[in-house]
Each structure stands twice: as C-alpha cells, then as structure tokens.
Amino acid sequence: MGDLLLEQLTWGNALIFFLSAVVLLMIVLGFVTYAIYFERKVIGWMQLRIGPNRVGPFGLLQTVADILKLLLKEDTIPRKADRALFILAPVLAYVPAFAVLAVIPYTDSLYFADLNVGLLYYVALSGITTLAIVLGGWASNNKYALLGGMRSAAQMISYEVPLVISIVGVVMLSGSLNLRTIVAEQGNWFWEWNFLPQIIGFVVFVIAAVSELNRTPFDLPEAESELVAGYHVEYSGFRFAFFMLTEYVYVYAIAALTTILFLGGWHAPAPFLDFVPGLLWFMLKFACIVFFLFWLRATFPRVRVDQLMGFGWKVLLPLAILNVFVTAAYIEFFIKR
Amino acid sequence: MIRTEELLLNVGPQHPSTHGVFRIIIKLDGEVITEAIPVMGYLHRGTEKLAENLNYTQIIPYTDRMDYVSAMTNNYVLCHAVETMMGLEVPERAEFLRLIVMELQRVASHLVWWGTYLLDIGAMSPFLYAFRDREIIIDLFNELCGARLTYNYMRVGGVKWDAPEGWMNKVRDFIPYMEKKLDEYNNLVSGNEIFLARIKGVGTYDAQTAIDYGLSGANLRCTGVNWDIRKAEPYSLYNRFEFDVPVGKIGDCHDRYLLRLEEIRQSLRILKQAVEQFPSDGETMGKVPRVIRPPAGEAYVRIESPRGEIGCHIVSKGKSEPYRLKFRRPSFVNLQILPKLLVGETMTNLITILGGIDIVVGEVDC
C-alpha cells in the first residue's frame, strides 16, 4: 500500500484505494457493532445484570437490530434548527474519526498510509470532531444541546493540549512522528516499551484520551442526568447513529494509538513469544485498552465542569510539560544521539 | 461588544434527574444560575381533600401514595394520629411489627436515595447494587402484606396481617447481610475522589437557616442540630431501644450523604434489638370500635420519616370522616430552601443539591 501511494495515480490504483477503504470501513463497523455489545455485556456483568441476550445467540445480533431500528426511524429535523448545519454536523463528526484510522499500522507490513507525520495528522484531524459537536449543539436550537456543545468545546480544547504534549516525550524518544517508526523504536521486552520510561506521559495520555472520548468520568457533553443527552438531544434516526458511531470509532482509534505509542504495537512482550503473530499481540493489547475504557464507565461518577477544566489546566498540562523536560534531560545526559 | 443575555432554561417536568415530575425554571449566566423558581404541583392528587369524604381506614391507602418510597411511615402517621385522638391501645406485638417495618422501610428508602443520588452524579453501578439490596426488603414486605410498594399494611389500632412463619428469621438474617453490604458501599463510593470533589462544600447552609426554613430529617441534622423525633419525642416503642442520632458539622451535601448511610446502620441496630425482643405471641389488632369516630377536636402528631418530620393534623367533628386532614410533608418543606441554595451554583450542582435534599415528588405535591 505504501508503494502504491508513491506511484502515479491511475484508475486501477484508485480502485484499490477505494476497496481497501471499504474493507477498513467494514472492519471498523464490525468493531463498533461488537464493541457496543461487549460494553453492554461487560457493564451488565459488573452491575449484576445479564446484558443483551435476546437477539441472536447470546444477544450477538442486538447491536445489528439496534442499528436497523435507527435506520427505520423517522428522521426529524426541528423546524427552528439550522437545517444545513444540522445535517452537516454528524457527517463532519464522523469523517475525521474514520480518516484518522488511515495512519494506524497494525503490524510491520499491515498498514494503510505510511505518513511521516502520522501522529500530527491524527491529532490535527481528530480536533475537527469537536467542531462538529459544537455545530450539532448549536444547530439543534435547543438549550440543552447548546450547553452540551459548549461544554464539549471547552473540554476538548482543554484536553487536546495535554494530550498532544504528553506524546511529545514519545516522539522525542523515538525521534519520529511516523507511527511505524515509533513502534519499531520500542524494544522487544515489555519493559522497553514506552509506557514505563514515559510513565507520566502514559498516565496523562490515558486520562486526556478518556476525556477526548467523552467517556465516563468525563462524559460531560452528554451528561444525561443534567443535560438530558447533551449535544445530540435533537438528533434521531441515523444522524444520531452517526454521533454514536463517531464515539466508538474514536474508541477504536485511541485504543490503537495507545497500543502503538506506549504498549509496543505489534511487539510480543518477550522475544521468545515472537512465534505468535504480531497482529494478535496488537489485538490483545488493543482489546485490553478497550476493556479498560468500558470498565471506567461502570465504576466512576462524573466530574464537574469546573473541576474538569481545573484538572486539565492545573494538573495534566504541567505534568505533561514536566514529562517533556524530564525526557529531554534524559536524552541529553544519557542517550545523546 | 458582544451582546449577552441570560438563558432561561426549564429543568423538568420531564427530566431524568428531577425524580419525578418536578420543574425548576432557572436563569443561566453561562453555567451559573442567577435565579431558580421551583414549580410544583404536577403530581397533585388532592389527597387531603379526598380524605374529607372517606372514613379513616379508607384514607390509609392514600397515604401509601404520598411518599411512595416510604409508605410504611406514612401509614403509621395517620394511624398514630387517629389512635392518639381516640386514646386507643395498640397491642405490643402489633407495635413491634410496625416498628420493624418502619425501620426496614427507612433502610429501603435510604437505599433508593443512595442509588439514585449516585446515578445523578453519574455513577451507574451503585444504583443497581442499591436496588438489589432494597429488593430483599421489598420481598419481605411482599410476604408480609402482599404488596411491594403501596402496602396498606397498618390499621387504626394495629396491623392488618401478622408476620408469617419464619418471617422474623428472614429479617434477622437480613441485618448482618445489610451491614456487610453497607461496608461494601462505603468502600466503593464514599472515598471516591471524584465523588467527594462533587459533593463536598456544595449546598452548604447553617443551623439557623435550616431551622428558619423548617427543614427536618437529615437536611436539618447535617448542620449539627440533634433533632430526631424518635429520640426527642419518642413515639411507638423507640424509647426501648438504643440507637444514636448521627449529626453532621458543615451542612453540605457530603454531610447529608454520610448521615443517611449512618442512619441505615442505626436502623439496623434498632432492628437487631427489635427482632430479639419481639414477643412470641399476642394480638395484632387492638380493641377498636367497628366505626372509627374520633371525638370532636384536633390532634397533631409527628414522626420521623426517612425524609424528616412527617406530621398529620386531624380536625374531627365527631364523624367517621375527618373534617379536615392535613399532612405536613417533609419533602415539601425541605424543598423550600432550594431556590436559596441554587443561586450562584452551576447547572451541575443543581442536580447535586436537588438530589441531596432527597425529595419524593409524590409527597411534595401530595
């Protein structure tokens, strides 16, 4: 795929790109379908419930049924809503969520685009989703949605900063923004992966990432007990599904990114375990992070807006900057390329 | 210059966190509330007026539906008022049964509060844990009187049903179970940093304000006022049992939270003693005239419901129906302080404070 991208664009190449994008889309949709099922089951068990078990064997088709229901629902647009923006918002939310997946390498050879500024590309594109959420909140012409949209804008801007700065340490250690190089630079033993040398960066990254995902305990934009549903309160049918889809695709993206940046990507935890294919290791780490994200939801209460902002700016940001300094000093005194 | 204006927001009547059909009109400046006007009455059924055309036994099911989370205490306050007017003796066994169900009800009611409060704050799981344990109490009630929510269990002069065989053992088994679960709750939630940050110092008022507003129950005791009618003016058999009245210091949501959990523990303590002292046999219904006609006059009795002081004022003209029946509902009175507490708080704290007051809309609107 990397070589194809460098070649002259022909119809044949374009077709291959298109087909592989469709394949990726299918994989992502499959992931979302079963991530939702998995989340409901996991939280169900944690809460002494059974979770979905009616549609299909073990409820495996529950999400499919839900999506079908959303497809068949009447698609309402409030009369006083800003029609164009209202329609645009879900699309604008989803497109960057899907586009960021292009740079994620799954194994040494399985990846879509080998961008040398892959990390920057990810961070830049994922910021656009914030815009879509504000847009959705604004265009709905609903007060709860507006409050949710505004909260989300404030939250995502506040947490984007520590998120980006927390990965600077990783970039410094590996000397590259290319995600494949970052994985390759991490050693073969699990203690050589970035999460130990970059422990501060790792913690800040995970917290900021949960906040970026709008998941508990940072699910303020859609705080259901205060804002009813937040920015998507007026959305129904498949437009609503698009917002939900965006959320889960970002779970996919963040889990993949954490695996790549901090958990050694497709490396086995020890060299003698190399006989297991890298893709499996990647998926295993990936699944652990996804589980962690779902686990949080069953455990934590929600933080308050002002506390969220205070925490982001007063704790996470200084920690992330400190991490950059410590890493820089470490490189200067011990490694010195 | 950007023109700014206040945002007028209707919280409720259909809103997930107003605990029923309750509405607050708030004016928001950003996320800060500048004015709050509670609007109530969406669940008004005219219980007091209806009661004027019913005889006293017929009124009891109506009291179930006032505070539907704590129906037993409501039953009791009406029966107690009528008994006081008529000077009726309640057999000891019946009085024990009443006390046991009232304390079980207090535990159940606080469990509902605990679960829903955490749900308001955003934690989903405790809600289900609380309802799991409440379910045991509900099943006990179901066995006793056949209903799970609106019991209609007590009668003037006693109780309708005696405890079935083995029932008291189930209550006895429940006490250590619940004590263990209470520790579990504390481990799970009470020390959670996010939770503490959410409720500490929120909705604070001092003792004088609380008394001025006529607050009662945990809403009053959180300010340090030691006022529990079970202790201050013992009714039923409460003077036979040892228990403490937990009081707070600061008067914020955190104090109210801790108080309610501690009250569960104290209720279990009362239950433990009551189950031990429960008379092995005896009547469950006292000698009551066939038609209940309190003598002409007035009476006001008050008891401690899980939400505070619930009172019943009967004006009788010597007929089988009351001339006027008035309930002092703690949820209604406690709610009066809400507009004062909300000004200057954020939208998020609105939910925290409203949940902390612990209202049941059925009782607010009566």
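Residues numbered from 1 in each chain as written. Chains lettered and ligands numbered in written order. Predicted model: local features only at pLDDT ≥ 70, side-chain atom pairs only at ≥ 80, totals over all residues. Heavy atoms only, no water.

Topic: the interface of chain A and chain B
Quick reminder of the rule: Throughout, a contact is declared for two residues whenever any of their heavy atoms are within 4.5 Å. We count a salt bridge whenever a side-chain nitrogen from Lys or Arg sits within 4 Å of a carboxyl oxygen from Asp or Glu. Secondary structure counts use DSSP, requiring at least four H or I residues in a row for a helix and at least two E residues in a row for a strand, with both numbered from the N terminus. Three residue categories are used. Nonpolar comprises Ala, Val, Leu, Ile, Met, Phe, Trp, Tyr, Cys and Pro, charged comprises Asp, Glu, Lys and Arg, and polar comprises the others, including Gly.
Between chain A and chain B, the contact holds 25 residues from the first and 33 residues from the second. Counting every contact that joins chain A to chain B gives zero salt bridges. Those elements giving two or more residues to the side of chain A that touches chain B turn out to be α2 (11-46), α6 (143-174), α9 (224-227), α11 (278-299) and α12 (305-335) of chain A. The residue inventory of the side of chain A that touches chain B, partitioned by class, reads 13 nonpolar, four polar and eight charged.

Quick look at the sheet that holds strand β1 (residues 7-11) of chain B
Residues and elements named next belong to chain B. Put simply, the rule reads: Paired strands are those between which DSSP finds at least two bridges. Fitted lines through C-alpha atoms give the axes, limited to the stretch in contact for helices. The angle between two N-to-C directions lies from 0 to 180 degrees.
Read across the open sheet, the three strands follow the order β1-β2-β3; overall the sheet is antiparallel. Either end of the sheet is taken by a strand with one partner, and the two such strands are β1 and β3 (32-39). Each strand axis lies, on average, 20° off the axis of its neighbour in the sheet, ignoring direction. Relative to strand β2 (residues 23-29), β1 runs antiparallel, the two being bridged by five bridges.

Some thoughts on the sheet that holds strand β6 (residues 297-305) of chain B
Residues and elements named next belong to chain B. Read from one edge of the open sheet, three strands run β6-β7-β8, paired in antiparallel fashion. If you trace the sheet from one side to the other, it starts and ends with β6 and β8 (324-328), each paired once. Adjacent strand axes in the sheet meet at a mean angle of 10° when their direction is disregarded. Of the pairings in the sheet, the one linking β6 to strand β7 (residues 308-316) comprises nine bridges and is antiparallel in character. Residue pairing for β7: Tyr 300 is matched across the bridge by His 313.

Some remarks on the packing of aromatic side chains
Threshold: Paired rings are identified among Phe, Tyr and Trp, the last through its six-membered ring, by centres lying within 6.5 Å, and are further divided according to the angle between planes into stacked (under 30 degrees), edge-to-face (over 60) and tilted (the rest). A 1.4 Å probe rolled over the protein chains alone gives each residue an accessible area, and that area as a share of the maximum for its type sets the label: buried under 20%, exposed over 50%, partly exposed in between. Charge-over-ring contacts are defined here by two conditions on Lys NZ or Arg CZ: a distance within 6 Å of the ring centre and an angle within 35 degrees of the ring normal.
Here the structure, examined in full by the defined rule, presents 29 aromatic pairs over all chains. Taking 4.1 Å as the distance between ring centres and 15° as the angle between the ring planes, the aromatic pair formed by Trp114(B) and Tyr185(B) counts as stacked. In this pair, Trp114(B) sits in helix α4 (residues 92-121) while Tyr185(B) sits in helix α6 (residues 167-190), placing the two residues 71 residues apart along the sequence. A single burial state applies to Trp114(B) and to Tyr185(B), both of which are buried. Here a set of aromatic residues connected by ring pairs shows up, and it is made of Phe31(A), Tyr106(A), Tyr252(A), Phe282(A) and Phe286(A). Sitting over the ring of Trp193(A), Lys285(A) keeps its end group 3.8 Å from the ring centre.

Considering α2(A)
For clarity, the cut-off: A helix's residues, less one, multiplied by 1.5 Å, set its expected span.
Between the first and last C-alpha of α2(A) there are 51 Å, a value that for 36 residues agrees with the 52 Å anticipated at 1.5 Å per step. Just beyond α2(A), the residue with positive phi is Leu48(A), at close to 60°.

As for the pairing of β7(B)
Residues and elements named next belong to chain B. With eight of nine residues buried, β7 lies mostly within the body of the structure. Between β6 and the antiparallel strand that follows it, β7, lie two residues. Sheet topology note: the β7/β8 ladder contains five bridges and is antiparallel. Among the inter-strand pairings, Cys 312 is bridged to a residue of β8, identified as Phe 327.

Examining unusual backbone geometry
Although it is not a glycine, Leu48(A) sits at a positive phi angle of roughly 60°. Mapped onto the secondary structure, Leu48(A) falls in the loop between α2 and α3 (62-72). Residue classification places Leu48(A) among the partly exposed residues on the basis of a relative accessible area of 46%. Within the chain, Asn152(B) stands out as a residue other than glycine whose phi angle is a positive 55°. Note on placement: Asn152(B) falls in the loop between α5 (125-145) and β4 (154-155).

Some words on helix α5 (residues 118-139) of chain A
Residues spaced three or four apart along an α-helix face the same direction, because each turn holds 3.6 residues. Between its terminal C-alpha atoms α5(A) stretches 32 Å, which fits the 32 Å expected from 22 residues at 1.5 Å a residue. The first or second residue beyond α5(A) is Asn141(A), which carries a positive phi of 60°.

What about the nonpolar core?
Residues and elements named next belong to chain B. Rules: The term nonpolar core refers to a set of buried residues drawn from Ala, Val, Leu, Ile, Met, Phe, Trp, Tyr and Cys, joined through side-chain atoms within 4.5 Å.
Judged by nonpolar contacts, the single largest core of 121 residues is most densely connected at Ile 24, Ile 26, Leu 104, Tyr 153 and Trp 167. At 16 residues, α4 tops the list of elements feeding residues into this core. The contacts of Leu 104, once residues within four sequence positions are left out, are Ile 137, Leu 140, Phe 141, Trp 167, Val 171, Phe 174 and Leu 271.

Observations regarding the pattern of salt bridges
All names here are of chain B. A complete count under the given rule lists 35 salt bridges over all chains for this structure. Asp 133 serves as the salt-bridge partner of Arg 132, at 3.1 Å between the closest nitrogen and oxygen. Accessibility expressed as a relative area gives 25% for Arg 132, which makes it partly exposed. As a salt-bridge pair, Glu 179 and Lys 272 come within 3.3 Å of each other at their nearest N and O atoms. Placement of the pair is Glu 179 in helix α6 and Lys 272 in helix α11 (residues 253-277), with a sequence separation of 93 residues. One connected set of salt bridges, linked through shared partners, spans Glu 103, Arg 106, Arg 221, Asp 228, Arg 230, Glu 263 and Glu 304.

A look at the UniProt feature "transmembrane region" (unreviewed entry) in chain A
All names here are of chain A. Defined as follows: UniProt positions are given in the numbering used here, feature names are shortened, and annotations may be inferred rather than shown by experiment.
Under the feature "transmembrane region" (unreviewed entry), the UniProt entry names residues 15-37, 85-107, 119-140, 161-183, 195-213, 248-266, 278-296 and 308-331. The span residues 15-37 is 100% helix and 0% strand, and its two end C-alpha atoms sit 33 Å from each other. For residues 278-296, helix accounts for 100% and strand for 0%, while the C-alpha atoms at its two ends are 28 Å apart.

So, the UniProt feature "domain: NADH-quinone oxidoreductase subunit D" (unreviewed entry) in chain B
All names here are of chain B. Mapped onto this numbering, the UniProt entry gives "domain: NADH-quinone oxidoreductase subunit D" (unreviewed entry) at residues 120-291 and 292-365. Split by type, residues 120-291 is 54% helix and 2% strand. Its first and last C-alpha atoms lie 47 Å apart. The annotated region residues 292-365 carries 36% helix and 31% strand content, and the separation between its end C-alpha atoms amounts to 28 Å.

Details of the packing of α3(A) against helix α10 (residues 237-262) of chain A
Residue and element names in this part refer to chain A. Here is the rule: Our angle categories are set so that under 35 degrees counts as roughly parallel, over 145 as roughly antiparallel, 65 to 115 as roughly perpendicular, and the remainder as oblique.
It is the contact of α3 with α10, at a shortest axis distance of 6 Å, that shows an interaxial angle of 135°. Judged by the inter-axis angle, α3 sits oblique to α10. Every residue of α10 that contacts α3 at Ile 67, Leu 70 and Leu 71 is listed here: Gly 237, Phe 238, Phe 240 and Ala 241. Within the contact of α3 with α10, the residues separate by chemical class into six nonpolar, one polar and no charged.

Observations regarding the confidence of the model for chain B
All names here are of chain B. We count it as follows: As a per-residue measure, pLDDT tells how confident the predictor is, with possible values from 0 to 100.
Averaged over every residue, the pLDDT of chain B is 89; the share at 70 or more is 100%. Of all helices and strands in chain B, the one with the weakest mean pLDDT is β1 (84), whereas β7 scores best (92). Here the complex is predicted with pTM 0.87, and the ipTM for its interfaces comes to 0.80.

A few points about the environment of Leu99(B)
Residues and elements named next belong to chain B. Secondary-structure assignment places Leu 99 in helix α4. Classification of Leu 99 by relative accessible area gives buried; the value is 0%. For the pair formed by Leu 99 and Ala 274, sequence separation is 175 residues and the distance between their alpha carbons is 8.0 Å. The contacts of Leu 99, once residues within four sequence positions are left out, are Ser 236, Leu 237, Tyr 238, Phe 241, Ile 270 and Ala 274.

Some points on the environment of Glu185(A)
All names here are of chain A. Secondary-structure assignment places Glu 185 in helix α7 (residues 179-185). When its relative accessible area of 47% is taken as the criterion, Glu 185 is described as partly exposed. In this structure the C-alpha to C-alpha distance between Glu 185 and Ser 174, which are 11 residues apart in sequence, comes to 5.7 Å.

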